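# Coordinate inspection notes
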Amino acid sequence: MTKRFPENFLWGGATAANQYEGAYNADGKGLSVQDVTPDGGFGQITDGPTEDNLKLEGIDFYHRYKEDIKLFAEMGFKVYRTSIAWTRIFPNGDETEPNEAGLEFYDKVFDECLKYGIEPLVTLSHYETPLHLSKEYDGWTNRKLIDFFERYARTVFTRYKDKVKYWLTFNEINSVLHAPFMSGGIWTKPEDLSKQDLYQAIHHELVASAKVTKIAREINPDFEIGCMVIAMPTYPITPHPDDVVSAYHSERQNYLFSDVHVRGKYPNYAKKIFRDNNVEIEFAEGDEEILLENTVDFLSFSYYMSRVSSAHPEKYKKGRGNILGGLPNPHLESSEWGWQIDPQGLYLALNDFYDRYEIPLFIVENGLGAVDELVKDENGEWTVEDDYRIDYMNAHLQQVGRAVEDGVDIMGYTSWGCIDLVSASTAELSKRYGFIYVDRNNDGSGSFERYKKKSFNWYKEVIETNGESL
Ligand code: BG6
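Each chain has its residues counted from 1, following the order in which its sequence is written. Per-residue local features are limited, in this predicted model, to residues with pLDDT of at least 70; the limit for side-chain atom pairs, both in listing and counting, is 80 or more; totals at the level of whole chains, interfaces and linings are taken over all residues. To obtain the side-chain values, all non-hydrogen atoms of the structure were included, while hydrogens and water were left out.

Secondary structure counts use DSSP, requiring at least four H or I residues in a row for a helix and at least two E residues in a row for a strand, with both numbered from the N terminus. Broken down by element type, the protein chain carries 14 helices and 14 strands. Both definitions apply: the radius of gyration is a C-alpha atom measure, and the globule rule equals 2.2 Å times residues to the power 0.38. Taking 2.2 N^0.38 as the reference for a compact globule, 470 residues should give roughly 23 Å; the C-alpha atoms of the protein chain span a radius of gyration of 21 Å, in line with that estimate. A principal-axis box enclosing the C-alpha atoms of the protein chain has dimensions of 65 × 55 × 45 Å. Relative accessibility under 20% of the residue-type maximum defines a buried residue, over 50% an exposed one, and the middle range a partly exposed one, all with a 1.4 Å probe and only protein chains included. For the protein chain, the proportion of its 470 residues judged to be buried stands at 60%. Residues are treated as being in contact if the distance between any of their heavy atoms lies within 4.5 Å. Within the protein chain, residue pairs in contact and separated by at least 24 positions form 75% of the contacts whose partners lie at least 6 positions apart. Areas reported here follow the Shrake-Rupley algorithm with a probe of radius 1.4 Å; residue values treat only the protein chains shown as occluding. Of the roughly 18,500 Å² of accessible surface on the protein chain, 47% is carried by carbon and sulfur atoms.

The next point concerns the environment of Thr-123. Here Thr-123 lies in strand E3 (residues 119-125). When the C-alpha atoms of Thr-123 and Thr-169 are compared, they prove to be 5.8 Å apart, with 46 residues separating the residues in sequence.

Let us look at the packing of helix H12 (residues 343-357) against helix H13 (residues 387-405). Packing of H12 against H13 brings their axes to within 8 Å, and their N-to-C directions diverge by 30°. Our classification of the angle between H12 and H13 gives roughly parallel. H13 is crossed by H12, and the crossing has right-handed handedness. Judged by residue contacts, Pro-343, Gln-344, Leu-346, Tyr-347, Leu-350 and Asn-351 of H12 engage Ala-395, His-396, Gln-399, Val-400, Arg-402 and Ala-403 from H13. As a working rule, the residues Ala, Val, Leu, Ile, Met, Phe, Trp, Tyr, Cys and Pro are called nonpolar, Asp, Glu, Lys and Arg charged, and the rest polar, with Gly in that last group. Grouping the amino acids of the contact of H12 with H13 by side-chain chemistry returns seven nonpolar, four polar and one charged. An axis is simply a line fitted to the C-alpha atoms; with a helix, the fit covers only the stretch in contact. Between two such axes, the angle follows the N-to-C directions and lies from 0 to 180 degrees. Throughout this description, any angle smaller than 35 degrees is read as roughly parallel, any larger than 145 degrees as roughly antiparallel, any in the 65 to 115 degree range as roughly perpendicular, and the remainder as oblique. Crossing handedness: left-handed means the near helix sits turned counterclockwise from the far one by under a right angle, and right-handed means the same turn made clockwise.

Before going further, it helps to spend a moment on helix H10 (residues 268-276). Along H10, the residues classified as buried are Tyr-269, Ala-270, Ile-273 and Phe-274. Down the axis of H10, the buried side of the element spans an arc of 145°, and every buried residue falls inside it. Within H10, the exposed residues directed more than 90 degrees away from the buried face are Asn-268, Lys-271, Arg-275 and Asp-276. Each element contacted by the buried residues of H10 is listed here: helix H8 (195-219), helix H9 (241-263) and H12. At the C-terminal side of H10, Asn-278 shows a positive phi close to 55°. Along the arc lie the directions from the helix axis toward the C-beta atoms.

With that settled, the discussion passes to the pattern of salt bridges. Working definition: two side chains of opposite charge can pair if their charged atoms are close together. The term salt bridge refers to a pairing of a side-chain nitrogen on Lys or Arg with a carboxyl oxygen on Asp or Glu at a separation within 4 Å. Throughout the structure, instances matching the rule amount to 28 salt bridges. Two residues, Glu-224 and Lys-165, come together in a salt bridge whose shortest N-O distance is 3.7 Å. Remark: Lys-165 occurs in the loop between helix H6 (144-159) and strand E4 (166-170) and Glu-224 occurs in strand E5 (residues 224-231); sequence separation between them is 59 residues. Residue Lys-165 is classed as partly exposed on the basis of its relative accessible area, which comes to 28%.

In a beta sheet, neighbouring strands are held together by backbone hydrogen bonds and run either parallel or antiparallel to one another. Strand order in the closed barrel formed by eight strands is E1-E2-E3-E4-E5-E7-E9-E12, with parallel pairing between adjacent strands. In this sheet, adjacent strand axes meet at a mean angle of 25° when their direction is disregarded. When DSSP finds two or more bridges between two strands, those strands count as paired. Judged from the three bridges that link them, E4 and E5 form a sheet pairing that is parallel. Of the residues in E5, the one forming a bridge with Leu-168 is Gly-226. Against the sheet, H8 touches E3, E4 and E5, its axis set at about 155° to E4. Helix-sheet contacts for H12 involve E5, strand E7 (298-303), strand E9 (361-365) and strand E12 (410-416), and the interaxial angle to E7 is about 160°.

Here we take up the site of the ligand. Proximity criterion: a residue is near a molecule or strand once any of its heavy atoms comes within 4 Å of it. Close to the ligand lie 14 residues, the nearest being Gln-19, Glu-172, Ser-425, Lys-431 and Tyr-433. Nitrogen and oxygen atoms within 3.5 Å of one another constitute a polar contact, given that in protein one can donate a hydrogen and the other can accept it, and given that sequence-neighbouring residues count only through two side-chain atoms. Ser-425 is positioned such that a nitrogen or oxygen atom in its side chain is 2.4 Å from an oxygen atom of the ligand. The side chain of Lys-431 places a nitrogen or oxygen atom 2.7 Å from an oxygen atom of the ligand. Notes on the ligand: free accessible area 380 Å², of which the protein chains cover 98%. Its residues placed into classes, the shell around the ligand shows six nonpolar, five polar and three charged.

As a further point, take the pairing of strand E2 (residues 79-83). Burial of E2 is extensive: five of the five residues sit out of reach of the surface. Burial along E2 is two-sided: Val-79, Arg-81 and Ser-83 and Tyr-80 and Thr-82, pointing in opposite directions, are all buried.

Bringing the pairing of E9 into the picture now. Here is the key point about a regular strand: its side chains alternate between the two faces of the sheet. Across the five residues that make up E9, a large majority, five, are buried. Relative to E9, E7 runs parallel, the two sharing four bridges. Bridge pairing in E9 places Ser-300 opposite Phe-362. Pairing of E9 with E12, which is carried by three bridges, proceeds in the parallel orientation.

Spatial relationships are all this shows, so hold off on functional conclusions.
Following this line, the structure appears as structure tokens:
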């Protein structure tokens, strides 16, 4: 049988600090945008932390990281993706000196990973902009954030230079178009936010990403730096050329972000997007060179679903759950949250990105959010019979294998929420992605005990056989 996956393929799982660490104000941590959004990324913003915000306690990884990492090691993880909470290191974001207690926490987490031979893959900014930067500076609309982000990045690159090799700059950077507060810390309400300010904020993030890539290479030339985008292949709803062109334009809007990260400049079509939206990006001196000279080593992305586009969307019923918008695809099943399940979309995303850029790709999020039920197995142990999750992941990984056979260079795969955590869009705990069940409920109750689901052993075997068991 052909060995589909490369020998050094990085199998693992992914999380983000704000969705699972908890301990939201421990050891000097400041507030982030997540601490005031109890209903999730698209919901209300509260005056301060409120009891109903599940993220404040998360799944208490902050105190249970040893137990959790041990379980990841038992599954055979080669890599573990997490993020650093910016507010543990710089509680307000604009201080000049970092918070030592925050730095020590990640020392312990990374040391624990390395103890088991697990490579950390670290996102610098995963929907965790310090609240102070949001309120006082209007988040990434303000160019000053570039300096604050540089200081933060320099601090953690220096501190963990011998512990972390793989870094991502901004999680799902293209989501800022749809969730400006959660993604870009932009305090101005979406309805009052001009396209000019939104695209200027995007420019600041892109420049910041390039600047910290430069800093990273100065600190440790062996670092590998990636960008991170939402991948969502777009299908036309009919073969009518109007619909095909509409799908094409949706794809381009999405490609804008990876094009700048990989090619180091705005693509030609950006000019039209800016013109159509009355946007004129302000470039500071040196921005062009910074972008051009500091492109990424690899491109990483999340993949959950494809989407459908029409030239006349008003004629159709809207899709549910599609982060980037889009219409429902009649040929696909949906998750309980209305996210459409399309394994072949992952095959397309991998091939499209590789055709376009020919640089290594990393799938850093994929998985099924579902309601799980704890039951006793034949030995009387609590577990979850999550065959639906196994089916989902098996089908998606088959498509990854197919892309590998096509010659696409794929570094690894980290499934989203390898341990149950709080959802980003709806801030629920009942939307579970993990191989490990965490006993905590939407009302905040629960023992926080961890239990292995059926998918735990399934994934262990996938890793053990380097994908041959799929
Ligand atoms: C991605 C985010 O959009 O999707 C994660 O990077 C998020 O933070 C994941 O958790 C799944 O979305 P949700 O809303 O189901 O948690």
